[in-house]
Amino acid sequence: MAKLLPISNCIKTLRERNGEMTQSQLGEAVGVTRQTVAAIEQRRYSPSLETAFRIAREFKVSINDVFEWDESSV
Amino acid sequence: MAMSKIFNMENIMSFQEKSAWIMALALIVTTGMCSWSVYEASVAAGELVSPNLSMISSYTLMLVVIVVVGQIVISIRSPKQAATPADEREIAIERRSGYTSGWVIGIGVVSALLNYLHWNDGDLLFYMVLGSTALSAIVDYVYRIVLHRSALF
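Residues numbered from 1 in each chain as written. Chains lettered and ligands numbered in written order. Predicted model: local features only at pLDDT ≥ 70, side-chain atom pairs only at ≥ 80, totals over all residues. Heavy atoms only, no water.

Moving on, we come to the packing of aromatic side chains. All names here are of chain B. In the structure shown here, the tally under the stated rule is two aromatic pairs over all chains. Taking the centre distance of 5.3 Å and the plane angle of 35 degrees together, the rings of tryptophan 36 and tyrosine 39 count as tilted. Note that tryptophan 36 and tyrosine 39 are positioned in helix α2 (residues 15–45) at a spacing of three residues, about one turn of the helix. Ring geometry for phenylalanine 126 against tyrosine 127: centres 5.9 Å apart, planes inclined by 80 degrees, an arrangement best described as edge-to-face. (Phe/Tyr/Trp six-rings, centres within 6.5 Å; stacked < 30°, edge-to-face > 60°. Helix = DSSP H or I, 4+ residues; strand = E, 2+ residues; numbered from the N terminus.)

The following block contains the structure:
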C-alpha cells in the first residue's frame with residue numbers, strides 16, 4: 001500500500017457538501033489540475049500553503065477546517 | 001459508449017502526463033532504431049562505424065515529427081488542458097525528474113570522457129555522449145510518468 005503523507009484533509013466531504021462539486025471544478029477554482037486535487041485528497045501530495053488557503057477560501061472555511069496534521073502517520 | 005470511455009484519457013491523465021508519454025515513446029522508438037542501425041552497420045563493417053550526419057539527422061527529424069504530431073493530436077483532443085500552464089505539483093515533478101536525468105547525463109558524459117582518455121576513440125566518445133543524452137531524456141520522461149502515477153514526494 002502506498003505511503004500516506006502526514007497532512008490529512010476533508011476536501012472530498014467539503015466538495016460533496018458544496019453541491020457535489022467535482023474535482024475538476026475545484027481544481028479550476030484554485031488553479032491546479034483535477035489530478036492534483038485527486039492526489040491531495042488521497043494524501044499522495046501535500047499542497048503548497050497558497051493552494052491550501054485557496055481551497056479553504058473556496059469552501060469559505062478556515063484552513064484548519066480542511067487540513068490537519070495526522071500524528072499517527074508520522 | 002464503453003469504448004469511448006476506455007479511450008477517454010481526459011480524466012485519467014493530465015496534459016503534462018500525456019505529453020511525457022509522447023516524448024518517452026518517441027525517444028525510445030527513435031533511439032532504439034538509431035542504435036540498431038549503428039549496431040548493424042558496425043557488425044557489417046567489423047568495427048564501430050564513424051558517426052554519420054545524415055543518419056543522425058534523419059532520426060532527429062523523425063523524433064521531431066513524432067513529437068510535433070503527437071503534441072498537436074493531444075492539444076486538439078484537450079484544447080483547454082493544453083492552454084493551461086503546469087500546476088505546482090507538475091512543476092515539482094519536472095524538477096525532480098530533471099534532477100535525476102541530470103545525474104544520468106553527467107555520469108554518461110564523464111564516463112565517455114574517461115573512456116576517450118583511455119582508448120582515444122573519438123567515434124566511441126560521440127556515441128557515448130549521444131547515448132547519454134538520449135538516455136537522460138528517456139529517464140526524465142519515464143520518471144515524470146512514474147511520479148504522475150504515484151506522486152509520492
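A word on the pattern of salt bridges. Summed over all chains, the structure comprises six salt bridges over all chains. Here lysine 80 of chain B ties to glutamate 28 of chain A by a salt bridge, and the two come within 3.0 Å at their closest N and O atoms. Remark: glutamate 28 of chain A occurs in helix α2 (residues 23–30) and lysine 80 of chain B occurs in helix α4 (residues 79–83); the pair is interchain, linking two chains. By relative accessible area, which is 57% here, lysine 80 of chain B ends up exposed. (Salt bridge = Lys/Arg side-chain N within 4 Å of Asp/Glu carboxyl O. Buried < 20%, exposed > 50% of the residue type's maximum accessible area, 1.4 Å probe, protein only.)

This next bit is on the environment of isoleucine 145 of chain B. Residue and element names in this part refer to chain B. With respect to the element layout, isoleucine 145 can be found in helix α6 (residues 122–150). Given a relative accessible area of 9%, isoleucine 145 falls into the buried group. Each C-alpha atom of the pair isoleucine 145 and alanine 86 lies 14 Å from the other, and the pair is 59 residues apart in sequence. When neighbours within four sequence positions are excluded, isoleucine 145 is seen to be in contact with Glu17, Ala20, Trp21 and Ala24. (Contact = heavy atoms within 4.5 Å.)

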